[in-house]
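Tertiary structure, described
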Amino acid sequence: MELFAFPVNLILALVWGGIILWLWKDYRRSVFVRWFLSPLATLSSILLFGSGCLVAGFAGVECTRSWWFTSELFFMMTVLAFVLLRGLRDAGGKLRYRFILNHFGLLTVLVSLFFGSPDKDVLRLSLTPGMTSDIAYREDGSMDKLRYEVCLEDFRTDYYENGVPSVYEATISMDGKTVSLKVNSPYAARFAEQIYLVSASGPQAQGGCVLQVVRQPWKWLTVIGIILMVTGAVLLFVQGPQTLSGHREE
Amino acid sequence: MIMVWDIFIYFAIAAVVLYAVGAVVAWTRPSKVGVPASLCGMAMLVFGAFIVILWSSLSRPPMRTIGETRLWYSFFAMAAGLFTYIRWKYNWVLSFSAVLSTVFIVINCLKPQIHDATLMPALQSGWFIPHVTVYMFSYSILGCAFLIALRGLVNKDETVLQSIDTLVYIGLAFLSFGMLSGAVWAKQAWGDFWTWDPKETWAAITWLSYLAYIHFRLLHKGSLKWLCILVIFSFACLQMCWWGVNYLPSAQDSVHVYGR
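Being a predicted model, the structure only gives us computed values, none of them experimental. (Residues numbered from 1 in each chain as written. Chains lettered and ligands numbered in written order. Predicted model: local features only at pLDDT ≥ 70, side-chain atom pairs only at ≥ 80, totals over all residues.)

1. What about the overall build of chain A?
Within chain A one finds six helices and eight strands. In chain A, the order of α-helices and β-strands from amino to carboxyl end is α-α-α-α-α-β-β-β-β-β-β-β-β-α. Since a compact globule built from 250 residues should have a radius of gyration of about 18 Å, the 23 Å found for chain A marks it as more spread out than a globular shape. Summarising its shape, the C-alpha atoms of chain A cover approximately 70 × 40 × 40 Å along the three principal directions. Taking all 250 residues of chain A together, 29% fall into the buried category. (Helix = DSSP H or I, 4+ residues; strand = E, 2+ residues; numbered from the N terminus. Rg over C-alpha atoms; globule rule 2.2 N^0.38 Å. Buried ≥ 20, exposed ≤ 12 C-beta atoms within 10 Å, placed from the backbone.)

2. Quick word on the overall build of chain B
Summing up its helical and strand segments, chain B has nine helices and zero strands in all. Shown N-terminal to C-terminal, the secondary structure of chain B runs as helices and strands in the order α-α-α-α-α-α-α-α-α. Per-residue burial over chain B gives 51% buried out of 260 residues. Long-range pairs, those at least 24 residues apart, make up 78% of the contacts in chain B with a sequence separation of at least 6. (Contact = placed C-beta atoms within 7 Å.)

3. Here's the deal with the domain arrangement of chain A
For chain A, the assigned domains read domain 1 (2–119 + 218–239) and domain 2 (121–215). The C-alpha-based centres of domain 1 of chain A and domain 2 of chain A are spaced at 36 Å. (Domains from an automatic or database assignment.)

4. Let's talk about the interface of chain A and chain B
Of the residues lining the interface, 42 residues belong to chain A; the matching set on chain B comes to 40 residues. Those elements giving two or more residues to the side of chain A that touches chain B turn out to be helix H3 (39–59), strand E4 (165–174), strand E7 (193–201), strand E8 (208–215) and helix H6 (219–239) of chain A. Counting residues per element, the side of chain A that touches chain B draws most heavily on H3(A), at 13 residues. Among the residues forming the side of chain A that touches chain B, the class breakdown is 29 nonpolar, 12 polar and one charged. (Nonpolar A, V, L, I, M, F, W, Y, C, P; charged D, E, K, R; others polar.)

5. Comments concerning unusual backbone geometry
A:Pro7 follows A:Phe6 through a cis peptide bond whose omega is 10°. Although it is not a glycine, A:Asp175 adopts a positive phi angle of roughly 55°. Positionally, A:Asp175 belongs in the loop between E4 and strand E5 (177–182). For A:Asp175, a count of 11 C-beta atoms within 10 Å corresponds to the exposed category. With phi around 50°, B:Lys156 is a residue other than glycine that occupies positive phi space. C-beta crowding within 10 Å serves as the criterion here: with 10 such atoms nearby, B:Lys156 is assigned to the exposed category.

6. Description of H6(A)
Compared with the 30 Å implied by 1.5 Å per residue over 21 residues, the 30 Å span of H6(A) between its first and last C-alpha is a close match. Residues A:Lys219, A:Thr222, A:Gly225, A:Ile226, A:Leu228, A:Met229, A:Gly232, A:Ala233 and A:Leu236 constitute the buried set of H6(A). On its buried face, H6(A) sits against helix H5 (96–116) of chain A together with helix H7 (160–190) of chain B. Immediately downstream of H6(A), the backbone of A:Gly240 shows phi near 65°, a positive value. (Expected span 1.5 Å × (residues − 1).)

7. Section: the packing of H3(A) against helix H4 (residues 67–90) of chain A
All names here are of chain A. Following both chains from N to C, one finds H3 and H4 inclined at 150°, their axes separated by 9 Å at the closest point. Comparing their axes, H4 and H3 come out roughly antiparallel. Crossing of H3 against H4: the hand is left-handed. Here Ala 41, Thr 42, Ser 45, Leu 48, Phe 49, Gly 52 and Ala 56 of H3 lie close against H4, whose contacting residues are Trp 68, Phe 69, Glu 72, Leu 73, Phe 75, Met 76, Val 79 and Val 83. Of the residues assigned to the contact of H3 with H4, the class counts are 11 nonpolar, three polar and one charged. (Axes fitted to C-alpha atoms, helices over the stretch in contact; angles between N-to-C directions. Parallel < 35°, antiparallel > 145°, perpendicular 65-115°, else oblique. Left-handed = near helix turned anticlockwise from the far one by under 90°.)

8. Examining the pairing of E7(A)
Residues and elements named next belong to chain A. Here strand E6 (residues 187–190) runs beside E7; their pairing, made up of three bridges, is antiparallel. When the sheet's bridge partners are listed, Arg 190 is paired in E7 with Glu 193. If you look at the hairpin formed by E6 and E7, you'll find two residues sitting between the two strands, and Ala 192 has a positive phi there, around 60°. In this structure, E7 lies alongside E8, joined through eight bridges in antiparallel fashion. Residue Ile 195 lies in a different strand from E8, and its bridge partner there is Val 213. (Pairing = 2+ DSSP bridges.)

9. Focus: the confidence of the model for chain B
Averaged over every residue, the pLDDT of chain B is 91; residues scoring 70 or more account for 97%. Note on the complex model: pTM 0.90, ipTM 0.94. (pLDDT = per-residue confidence, 0-100.)

10. Side note on the environment of A:Gly17
Residue and element names in this part refer to chain A. Mapped onto the elements, Gly 17 comes out in helix H1 (residues 8–26). Residue classification places Gly 17 among the partly exposed residues on the basis of 13 C-beta atoms within 10 Å. In this structure, the C-alpha to C-alpha distance between Gly 17 and Leu 181, residues 164 residues apart in sequence, is 40 Å.

11. Focus: the packing of helix H4 (residues 66–88) of chain B against helix H5 (residues 93–110) of chain B
Two measures define how a pair of helices packs: the angle their axes make with one another and the distance between the axes. All names here are of chain B. At a minimum axis distance of 9 Å, the contact between H4 and H5 shows a crossing angle of 170°. Relative to H5, the element H4 is oriented roughly antiparallel. For the pair formed by H4 and H5, the contact residues are Gly 67, Arg 70, Leu 71, Tyr 73, Ser 74, Ala 77, Met 78, Ala 80, Gly 81, Thr 84 and Tyr 85 on the first element and Val 93, Leu 94, Ser 97, Leu 100, Ser 101, Phe 104, Ile 105, Ile 107 and Asn 108 on the second.

Encoded structure:
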């Protein structure tokens, strides 16, 4: 994955998008582009990717890292991009916005996750009260130095009567600020870098906790895609089953 | 909490009887839509009252365990059946949704599971209620689409496709919101939108399956038989996503398991 990290992933995304735009602009009537715009391509891309997910559903998450799963996803993204370009040109009437929001939203989410995943970095650090550290570790054991120091001021846990945890709350200090962390309430340390409270660590007497630092520079693109898709879903509900008008044969 | 759960049977019987009477009236007097609709509406009120009482006694939303989500499913199955009946006047749909709802009520009576007040930190989020209720509502709407598809398959009746289309569009819209709100919540809780956890994978399968149905219809492809089978298959995937996934060996380490 490191091979495809920034800027390689960005270059690949731009090249992929550029090729699609170039084909759309200059070779719209070619057999290749017409096939990608055909019902067969649309349906086979959904069914192929769905089948891949089905295999992963039974066999486990490892399948989603395989070359064939990645290829199916890439194929679906490519079909989606061509269909979106045609829709931007042709789609008319009151369903135009629904079409664009749903297709552009999904494409944005897929592109951000597909090309953005090599840039994602997850690090963990285990702290006890009073301890300061700027060293965090990845799942594979490799180490990274953070651009700031984190000091655990306090870690509080509460439990229900049956021993199920009810509250995890950590107070940390960093950048001269005191920050309260809870599960579901991360702290944005830098642009696209958030600190999460994951769990308690070690013997309870030590009162320590595990923090997780997540760097995900492409996350805002994912958020934009999600907002577009949610808006598209609202229109899907409001407008119901109607057929898009305005498509013309290439 | 145990005390409240003990009275569930009374609310359940009252709701099922009211709904069943409404369904029988719909069969026997097809012209009188108001009477069955009122009876089924009353059934929903009774069942809804129990959910409110349980919610109040637990001091948390009753949405954590599979048993608790079954409560919502039974409630929304009644609502979806009633909506379909009022919208398309199918006199048989109330009976089918009554059976669907009753099956999950009976399972809850036989296997009530845990109904304690605990709510682990990961579930203490503003996304919890909208995420679960929206999903349960979409499951119920798509349950009605499944029933109509079964009928279409048996009777070879092309006219059912129009009703299935409407239900699938509504169901998919809510399914999309459920999935996307889940992705945002996952980012907030665990640091990533999507990790291909078994539950997420099955959510994607279900979503893609209904998406395939919509595209088959938009592109005017597929026979009645094939389309009905696709809706039935999609509903099977939905069940897998909801509770079936818990029985898969690959899901034993899933982060989405909260008191099976």
